[in-house]
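A look at the structure
The residues making up each chain are set out below.
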Amino acid sequence: MLRLKLSVVWMALGLLGAILLSGCAAEKDATANWTVEKLYAEAKDEMSLGAYDKAIGYYEKLEGRAAGTPLALQAQIDKAWAQFKTNEPVQAVATLDRFIKLNPASPALDYALYLKGLVNFNDNLGLFSALASQDLAERDPKQAKDSFEAFRELTTRFPDSKYSPDARQRMAYIKNSLARSNVYVARYYFKRGAYVAAVNRAQTTVNEYRDVPAVEEALFIMYQSYDRLGLVQLRDDTRRVLEATYPDTLYLYPERAAGAKKPWWKLW
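Thresholds, definitions, all that
Sequence order sets the numbering: in each chain, residues are counted from 1 along the sequence as written. Per-residue local features are limited, in this predicted model, to residues with pLDDT of at least 70; the limit for side-chain atom pairs, both in listing and counting, is 80 or more; totals at the level of whole chains, interfaces and linings are taken over all residues. For the side-chain quantities, the full set of heavy atoms in the structure was used; hydrogens and water were omitted. Strands are runs of DSSP state E lasting at least 2 residues, helices are runs of H or I lasting at least 4, and numbering of each runs from the N terminus. The buried label applies to any residue whose accessible area, calculated with a 1.4 Å probe on protein chains only, is under 20% of its type's maximum; exposed applies above 50%, and partly exposed to all values in between. It only takes one pair of heavy atoms within 4.5 Å for two residues to be counted as in contact. Computed with the Shrake-Rupley method and a 1.4 Å probe, the accessible areas treat only the protein chains shown as cover for residues. Put simply, buried Ala, Val, Leu, Ile, Met, Phe, Trp, Tyr and Cys residues joined by side-chain atoms within 4.5 Å make one nonpolar core. A residue's pLDDT is the confidence the predictor assigns to it, expressed on a 0 to 100 scale. Between Lys or Arg on one side and Asp or Glu on the other, a salt bridge is scored when a side-chain nitrogen of the former is within 4 Å of a carboxyl oxygen of the latter. As a rule, the C-alpha atoms of each element are fitted with a line to give its axis, helices using only the stretch in contact, and angles between N-to-C directions run from 0 to 180 degrees. Note that the term roughly parallel is reserved for angles under 35 degrees, roughly antiparallel for angles over 145, roughly perpendicular for angles of 65 to 115, and oblique for everything else. Here a crossing is called left-handed whenever its near helix is offset anticlockwise from the far helix by less than a right angle, and right-handed whenever the offset is clockwise. Three classes are used: nonpolar for Ala, Val, Leu, Ile, Met, Phe, Trp, Tyr, Cys and Pro, charged for Asp, Glu, Lys and Arg, and polar for all others, with Gly counted as polar.

Some remarks on the overall build of the chain
When helices and strands are tallied, the chain shows 11 helices and 0 strands. When the helices and strands of the chain are listed from N to C terminus, the series reads α-α-α-α-α-α-α-α-α-α-α. Looking at the chain residue by residue over its 268 residues, the buried ones come to 39%. For the chain, the proportion of contacts with a sequence separation of at least 24, taken over those separated by at least 6, is 52%. About 16,000 Å² of surface is accessible on the chain, with carbon and sulfur atoms providing 57% of the total.

What follows is the structure in structure tokens.
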């Protein structure tokens, strides 16, 4: 009986060992014998197929095996793009920040800055935002500002980069979005009777974003707020600036636009 029990125990131990060995074999890195060139090629293939998660794994292995080489640096940039495509903007920006900090002389630095701006631009200002019910200007502007700063650094340091023309266009878009964000807040204050706060926020728009369309409404909010506060001189001065800068403004003369949508400030 004792022999039988020992036999069962040994069989169990043998089976357990076989399972453990099988598990170790299954966990063996299939890329262990790959060259770094093959690893990079496989990562690119996965990227082209849209298998971004798998590509990220390959790029991370490549960063470790080829550390300090041009191929490893390229892997970092490509990994950031893959992270962006898998809706991981925080990880993508962290990867790019690390690359920018550690490789200030890299020939790919202009692209890294462009990609950093693009990640924040799309995450906050998405290309399909027109389909959303919330106005871009109503959102937290932090990511828009981060995007703008990355694009500004790119266009300042690399004015002739092939990425700079697109970056400048995106900067103009962001600038107007940030201005509209201020106007949105100023309008909110005005509607709730906080006229001093409305003036302050609208004034910020006028001072910081002088060449964007949102300034027109900012001036009008200032004009209305001064009127409600009884500050006649400031009201009249603001009106003159508004009329001189925007002679065809519909804020003061909404009747000029036949069939125009009723402005938000018209309650009748």
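Considering the nonpolar core
Within the largest apolar cluster, 50 residues are counted, with the highest numbers of intra-cluster contacts made by Leu96, Tyr114, Val119, Phe151, Ile174, Leu219 and Ile221. Of all the elements in the fold, those that place two or more residues in this core are helix 4 (70-85), helix 5 (89-102), helix 6 (109-125), helix 7 (142-157), helix 8 (164-191), helix 9 (195-208) and helix 10 (214-229). The element contributing the most residues to this core is helix 10, with 9 residues. Beyond its immediate sequence surroundings of up to four residues, tyrosine 114 is in contact with Phe151, Leu154, Tyr163, Asp166, Ala167 and Arg170. Tyr52, Ala66, Ala72 and Ala75 belong to the second-largest nonpolar core, a separate cluster that totals 14 residues.

Brief notes about the confidence of the model for the chain
On average, residues of the chain score 84 in pLDDT, and 78% of them reach the 70 mark or higher. Within the chain, no element has a lower average pLDDT than helix 1 (residues 2-26), which sits at 51, and none a higher one than helix 10, at 97. When the criterion is pLDDT under 50, residues 125-134 qualifies, and its contacts beyond four places in sequence or with other chains add up to 15 contacts.

Let's talk about the pattern of salt bridges
Counted by the stated rule, this structure contains 15 salt bridges. The residue glutamate 217 makes a salt bridge to arginine 187 at a minimum N-O spacing of 2.9 Å. On the criterion of sequence distance, the pair formed by glutamate 217 in helix 10 and arginine 187 in helix 8 is long-range, its members being 30 residues apart. Note that arginine 235 is salt-bridged to aspartate 227, the shortest N-O span being 2.9 Å. Residue aspartate 227 is classed as partly exposed on the basis of its relative accessible area, which comes to 38%. Each of Asp227, Arg235 and Asp236 takes part in one network of salt bridges that share partners.

Topic: the packing of helix 8 against helix 10
Helix 10 packs onto helix 8 with a crossing angle of 20 degrees between their chain directions and a minimal axis gap of 9 Å. What the angle tells us is that helix 8 and helix 10 run roughly parallel. Judged by the sense of rotation from one axis to the other, the crossing of helix 8 with helix 10 is left-handed. Touching Asn176, Ala179, Arg180, Val183, Ala186, Arg187 and Phe190 of helix 8 are Ala214, Glu217, Ala218, Ile221, Gln224, Ser225 and Arg228, all from helix 10. Its residues placed into classes, the contact of helix 8 with helix 10 shows 7 nonpolar, 3 polar and 4 charged.

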